[in-house]
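# Understanding the architecture of this molecule
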Amino acid sequence: MSGSLYAVYGASGCGRGIMPLARNQLRKIGVEADRLVFIDDGAGPDRVNGHRVVTYADFFALPACERHVVLAIADGAVRERLAARCTADGIRPWTVAAENVVVMDDVHVGEGAALSPFVTLTSNIRIGRYFHANLYSYVEHDCVIGEFVTFAPGVKCNGNIVIEDHAYIGAGAVIKQGRPGQPLVIGRGAVVGMGAVVTRNVPAGATVVGNPARVREKI
Ligand code: UDP
């Protein structure tokens, strides 16, 4: 019987940041580095930073008793599509987290998360599947975060905030804390621009930018 096989899906910017975390996580449980590959379906080199790059079809064809994949692609819609395919093929979602991630009390993070170095999740937090929290992001107390949500580096998500599925929060954005029973809500699929200071609810599908953040009308 072949052993387990692990992959970081996406060999671009996001994947190259997640790979060292994945490798470290496996080293600590005694899995050899050659059991870890990149999956990338695009045209590119066959090795990246010392790891083999294979297509999804090739990964699926490699002998293994179990396959585990972390989706290291910042676009949440792409993650959703790939997650559905992996699940249908019996590939397990894999959560990869940097060693120095801080997780406090009563935090639930759904499967398939990618938590970069210096991320902090404080207490009483619910987070859905396939969350990405990039470098130096934090989530404060009593937040509820949906599925396929993406935080770029340095997102400050303060207390009592609800972020619905597929929202994308840009680098350095600050979201003002809500109140107990009256959270500040970032709607489904909303985009918060880099450096935005969000002081009010953001409607589903809207893009907000600036300080204070305002909806950017589509041209
Ligand atoms: N990709 C893939 N299969 C897909 C969609 C994307 O292998 O179905 C790969 C794509 O080839 C690229 C990476 O995922 O190498 C996404 O990289 P990109 O630079 O667009 O974004 P990021 O790394 O920032 O998420």
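A brief look at the structure comes next.

Cut-offs and rules
Residues numbered from 1 in each chain as written. Predicted model: local features only at pLDDT ≥ 70, side-chain atom pairs only at ≥ 80, totals over all residues. Heavy atoms only, no water. Helix = DSSP H or I, 4+ residues; strand = E, 2+ residues; numbered from the N terminus. Buried < 20%, exposed > 50% of the residue type's maximum accessible area, 1.4 Å probe, protein only. Contact = heavy atoms within 4.5 Å. Near = heavy atom within 4 Å. Polar contact = N/O pair within 3.5 Å; in protein donor to acceptor, adjacent residues only side chain to side chain. Areas by Shrake-Rupley, 256 points an atom, 1.4 Å probe, with all protein chains shown as cover. Nonpolar A, V, L, I, M, F, W, Y, C, P; charged D, E, K, R; others polar. Core = buried A, V, L, I, M, F, W, Y, C linked by side-chain atoms within 4.5 Å. Phe/Tyr/Trp six-rings, centres within 6.5 Å; stacked < 30°, edge-to-face > 60°. Lys NZ or Arg CZ within 6 Å of the ring centre and 35° of its normal. Pairing = 2+ DSSP bridges. Axes fitted to C-alpha atoms, helices over the stretch in contact; angles between N-to-C directions.

### What to know about the environment of leucine 115
- Looking at where leucine 115 falls in the secondary structure, it is placed in strand 10 (residues 114-115).
- Looking at leucine 115, the relative accessible area reads 5%, which means it is buried.
- Sequence spacing of leucine 115 and phenylalanine 131 is 16 residues, and the spatial spacing of their C-alpha atoms is 8.0 Å.
- Once residues lying within four places of it in the same chain are set aside, the contact partners of leucine 115 are Leu21, Val96, Ala97, Ala98, Val101, Leu121, Phe131 and Ala133.

### Let's talk about the site of the ligand
- Taken together, 13 residues sit near the ligand, with Ser12, Cys14, Asp40, Asp41 and Ala74 positioned nearest.
- Note that an oxygen atom of the ligand is positioned 2.9 Å from one of the backbone N or O atoms of cysteine 14.
- Between the ligand and the protein, one listed contact pairs an oxygen atom with a backbone N or O atom of aspartate 41 at 2.7 Å.
- Surface burial for the ligand is 64%, taken as the share of its 550 Å² of free accessible area covered by protein chains.
- Those elements giving two or more residues to the shell around the ligand turn out to be helix 1 (13-28) and helix 3 (76-88).
- For the shell around the ligand, the element with the most residues is helix 3, which contributes three residues.
- Residue composition of the shell around the ligand, grouped by class: six nonpolar, four polar and three charged.

### A closer look at the nonpolar core
- Membership of the largest hydrophobic core comes to 51 residues, with the highest contact counts inside it found for Phe131, Phe151, Ile163, Ile169, Ile186 and Val198.
- Elements that contribute at least two residues to this core include exactly strand 1 (5-9), helix 1, strand 2 (36-39), strand 10, strand 12 (125-127), strand 18 (161-163) and strand 21 (184-186).
- The greatest single-element share of this core, amounting to five residues, is contributed by helix 1.
- The contacts of valine 198, once residues within four sequence positions are left out, are Val174, Ile175, Lys176, Leu184, Ile186, Val192, Val208 and Ala213.
- Listed in part, the 17 residues of the second largest apolar core include Phe59, Leu82, Ala83 and Ile91.

### Remarks on the packing of aromatic side chains
- Across all of its chains, the model carries six aromatic pairs by this definition.
- Residues tyrosine 56 and phenylalanine 60 carry aromatic rings whose centres are separated by 6.2 Å and whose planes lie at 5° to one another, so their mutual orientation is stacked. Residue tyrosine 56 and its partner phenylalanine 60 are located together in helix 2 (residues 56-61), separated by four residues, close to a single helical turn.
- According to the relative accessible area criterion, tyrosine 56 is buried, its value standing at 6%.
- Ring-pair connections join several aromatic residues into one group, and the members of that group are Tyr9, Tyr56 and Phe60.
- A cation over a ring is seen here: arginine 85 above tyrosine 56, with NZ or CZ 4.0 Å from the ring centre.

### Notes on the sheet that holds strand 4 (residues 51-54)
- Ordered by their spatial adjacency, six strands build an open sheet running 3-4-2-1-5-6, and the pairing between neighbours is mixed. Only two strands of the sheet have a single neighbouring strand rather than two, namely strand 3 (47-48) and strand 6 (92-93).
- Pairing analysis gives two bridges linking strand 5 (residues 67-71) to strand 6, with the strands arranged parallel. Bridging across to strand 6, valine 69 finds its partner in proline 93.
- Packed on one face of the sheet, helix 1 meets strand 1, strand 2, strand 3, strand 4 and strand 5 and runs near 160° to strand 2.

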